[in-house]
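Here's the letter readout for the chains.
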Amino acid sequence: MVSANDIADAFLSRLASGRRVEAVKLHKLLYVAQGLHLGLYGEPLFVEPIEAWVSGPVVPDVHQYHSGEALIRDGDYLGGNRGSLDDLENGLVDYVTVHYGNRPFSDIREWSMRRGMPWSRTVEREGNRGTISHEDIEEFFAREVVRIKDGGRPLPM
């Protein structure tokens, strides 16, 4: 199994070539990738926890590599190894990059924090910085996978 940092490094290689990516957006993309993997396969893509922070879903293990930085440039991020991803993992990162990565981070953030989403349910139960359970993420994204397969758009707004 790859780490969240490996997935983050892969996202940055696709999105930040020659530019910077918002740290908030990177965390939401990690959340979506984890969710889609759980929704499709019933198992996590990475084992590191995702927490419900004020800014939305955040992976603390990734945050430590860019703490204090609002923007991250590919090459500045030293946390992961994108080369460790297999074809399935790379395919998932590509899908999330294409369908979610070009959206403004504010859209992804707003969507990830809507009432009834795993983030809001965690905040209601545990407060800020509570761990969003794999079960909550899988339950939501299993429905998302069906909705998308039935012709729905990723990240409906």
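Residues numbered from 1 in each chain as written. Predicted model: local features only at pLDDT ≥ 70, side-chain atom pairs only at ≥ 80, totals over all residues. Heavy atoms only, no water.

**Thoughts on the pattern of salt bridges**
Then, in step 1: One pass over the structure, following the stated rule, counts 10 salt bridges.
Then, in step 2: As a salt-bridge pair, Asp107 and Arg103 come within 3.4 Å of each other at their nearest N and O atoms.
Then, in step 3: Among the ionic pairs, Arg115 bridges to Glu124, the shortest N-O distance being 2.7 Å.
Then, in step 4: The exposure class of Arg115 is exposed, given its relative accessible area of 73%.
Then, in step 5: Under the relative-accessibility criterion, Glu124 is labelled exposed at 51%.
Then, in step 6: Residues joined in a network through salt bridges with shared partners are Arg121, Arg125, Asp136, Glu139 and Arg143. (Salt bridge = Lys/Arg side-chain N within 4 Å of Asp/Glu carboxyl O. Buried < 20%, exposed > 50% of the residue type's maximum accessible area, 1.4 Å probe, protein only.)

**Digging into the sheet that holds strand E5 (residues 130-132)**
Strand pairs in the sheet, formed through backbone hydrogen bonds, run parallel or antiparallel to each other.
Then, in step 1: Spatially, three strands are ordered E3-E2-E5 in an open sheet, and the strand pairing comes out antiparallel. Both edges of this open sheet fall to strand E3 (56-58) and E5, since each of them pairs with a single strand only. With direction set aside, neighbouring strand axes in the sheet form an average angle of 45 degrees.
Then, in step 2: Here strand E2 (residues 50-53) pairs with E3 via three bridges, running antiparallel. Its bridge partner being in E3, Trp53 is matched across the sheet by Gly56. (Pairing = 2+ DSSP bridges. Helix = DSSP H or I, 4+ residues; strand = E, 2+ residues; numbered from the N terminus. Axes fitted to C-alpha atoms, helices over the stretch in contact; angles between N-to-C directions.)

**Brief notes about the environment of Val2**
Then, in step 1: Note that Val2 resides in the segment before helix H1 (4-15).
Then, in step 2: When the C-alpha positions of Val2 and Leu85 are compared, they lie 6.6 Å apart, and in sequence the two are 83 residues distant.
Then, in step 3: In contact with Val2, not counting residues within four places along its chain, are Ile7, Leu45, Phe46, Ser84, Leu85 and Glu89. (Contact = heavy atoms within 4.5 Å.)

**Focus: the packing of helix H2 (residues 23-41) against helix H7 (residues 134-149)**
Then, in step 1: The contact between H2 and H7 brings their axes to 7 Å, and the two run at 80 degrees. The orientation of H2 with respect to H7, classified from their angle, is roughly perpendicular. Along the contact surface, H2 presents Tyr31, Val32, Gln34, Gly35, Leu36, Leu38, Gly39 and Leu40, while H7 presents His134, Ile137, Glu138, Phe141, Ala142, Val145 and Lys149.
Then, in step 2: Residues of the contact of H2 with H7, tallied by class, amount to nine nonpolar, four polar and two charged. (Parallel < 35°, antiparallel > 145°, perpendicular 65-115°, else oblique. Nonpolar A, V, L, I, M, F, W, Y, C, P; charged D, E, K, R; others polar.)

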